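Observations on chain architecture
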Amino acid sequence: TDVDVRGPELSPDGARVIFSMRLGDAGGHDLYEVVLAGGACTQLTTDGGQLMGPVKIHNIDPLYADMPDARGGAILSVVFASSRGGTFGPRFAGPSTNLYRFPRSNPAMVEQMTSLLGSELSPAWMSDGRITMTTEKASKDLYQLSGRRINWDRTDYHPLLGQRAKSK
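Everything numeric here is computed off the predicted structure, so don't read it as measured data.

Cut-offs applied
- Residues numbered from 1 in each chain as written.
- Predicted model: local features only at pLDDT ≥ 70, side-chain atom pairs only at ≥ 80, totals over all residues.
- Heavy atoms only, no water.
- Salt bridge = Lys/Arg side-chain N within 4 Å of Asp/Glu carboxyl O.
- Helix = DSSP H or I, 4+ residues; strand = E, 2+ residues; numbered from the N terminus.
- Buried < 20%, exposed > 50% of the residue type's maximum accessible area, 1.4 Å probe, protein only.
- Pairing = 2+ DSSP bridges.

A separate point is the pattern of salt bridges. One pass over the structure, following the stated rule, counts 10 salt bridges. Between Glu33 and Arg16 there is a salt bridge whose closest N-O contact spans 3.6 Å. Taken together, the residues span a long stretch of sequence, with Glu33 in strand E3 (residues 30–35) and Arg16 in strand E2 (residues 16–22) at a distance of 17 residues. Each member of the pair, Glu33 together with Arg16, is buried.

Another point: the pairing of strand E13 (residues 142–151). Most of E13 sits inside the fold, with 7 of its 10 residues counted as buried. Here strand E12 (residues 130–139) hands over to E13 after 2 residues, the two strands then running antiparallel side by side. Relative to strand E14 (residues 158–161), E13 is paired through 3 bridges, and the arrangement is antiparallel. Within E14, the residue paired with Gly147 across the bridge is Leu161. Taking the residues that link successive antiparallel strands as the turn, the E13-E14 hairpin has 6 residues, and the phi of Arg154 there is positive, at about 70°.

Written out as structure tokens, the structure reads:
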């Protein structure tokens, strides 16, 4: 009764759905994938609910993306937000989330894409290979959500909107 399913995302070929699920209050969110023809469900991450320092790991907001390969083609990949960095952000002393990725064929090859003390959530893939996300920053005198983007090669990380100087 306390299963929590979030963020279903359809694969580009329409054959599978990836989502985040927590099987109970004591656990953490992990990523799962279900094949639509036949219904086979596979758990892709297995660290949800474990502690990284003082932070419980949650893997959330998954999406499919095509990672460019050396031959000019693409490899189906998964991008997701996770608290696996083990840091607390300033807002309500909650865990920070950053973006991570792995090739769909090898979930063990997790690679960190961003590093922020706030939180980066809701990644979206652009067909030109960039990832956009919502970034939450907070301090005693500031609370801000902004749109940001990063290239697949992790360069050109910068704000798109919501990053303005404080008006007086």
